[in-house]
Amino acid sequence: TDTLACQAVFCLDSFSRRNGGTQVELLSHKVRTHPDREKALVTTIEGRPGDVVLYHSLMHHRSGKNESSERRLGLLAQFLAKYVRPMEDQVHGVKDEVKRNADGRLRQLLAMDCPYPILDRPVSSAASF
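These numbers were taken from a predicted model, which means no experiment stands behind them.

1. Some points on the nonpolar core
Inside soluble globular proteins, nonpolar side chains tend to come together where they are buried. Residues Val9, Cys11, Phe15, Val24, Ile45, Val53, Tyr55 and Met59 constitute the largest nonpolar core, which totals eight residues. Only strand E1 (5-11) and strand E4 (52-56) provide two or more residues apiece to this core. Non-local contacts of Val24, meaning those with residues more than four positions away in its chain, are made with Leu41, Val42, Thr43, Ile45, Met59, His60 and His61. The next biggest cluster of nonpolar side chains, apart from the first, holds five residues, and it includes Val91, Val94, Ala102 and Leu110.

Below you can see the structure in the form of structure tokens.
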């Protein structure tokens, strides 16, 4: 697969299965499908504070459930070619009231008028960014 983007997890705290470290499905970036949200991701990224983990952006990944009393703080980053538009569902975590009252600028920042995942339909060449 062509690598147009990669993800990075900067571990600011320890990452483990117990405290909900990032879960991945190894080699899933090669199948080019959307993840099955019900499927268990059995591999957990573990790391110590200061560790950095890089992986292909198409690899299926998600946060694990923190079943400990420890916090798990990390910094997430995405590195991509400048002509590739990031694919994020920023709207999902926003309260309905905020979405209903969003002005044009907030709608743009949250990509509220873009489909998710964005690859489901072609983006018009006349789109403004």
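Now that the structure has been shown, we can carry on.
2. Some points on the sheet that holds strand E5 (residues 61-62)
Spatially, E3-E2-E5 is the arrangement adopted by the three strands of the open sheet, whose pairing is antiparallel. Each edge of the sheet is formed by a strand with only one pairing partner; in this case those strands are strand E3 (43-44) and E5. One ladder, built from two bridges, connects strand E2 (residues 23-24) with E5; its direction is antiparallel. Bridged to Val24 within E5 is His61.

3. As for the packing of aromatic side chains
Describing an aromatic ring pair means giving the distance of the ring centres and the angle of the ring planes. Scanning the model with the defined rule gives zero aromatic pairs in all. Across the ring face of Phe15, the terminal group of Arg72 is positioned such that the distance to the ring centre comes to 5.5 Å.

Definitions and limits used
Residues numbered from 1 in each chain as written. Predicted model: local features only at pLDDT ≥ 70, side-chain atom pairs only at ≥ 80, totals over all residues. Heavy atoms only, no water. Core = buried A, V, L, I, M, F, W, Y, C linked by side-chain atoms within 4.5 Å. Buried < 20%, exposed > 50% of the residue type's maximum accessible area, 1.4 Å probe, protein only. Helix = DSSP H or I, 4+ residues; strand = E, 2+ residues; numbered from the N terminus. Contact = heavy atoms within 4.5 Å. Pairing = 2+ DSSP bridges. Phe/Tyr/Trp six-rings, centres within 6.5 Å; stacked < 30°, edge-to-face > 60°. Lys NZ or Arg CZ within 6 Å of the ring centre and 35° of its normal.

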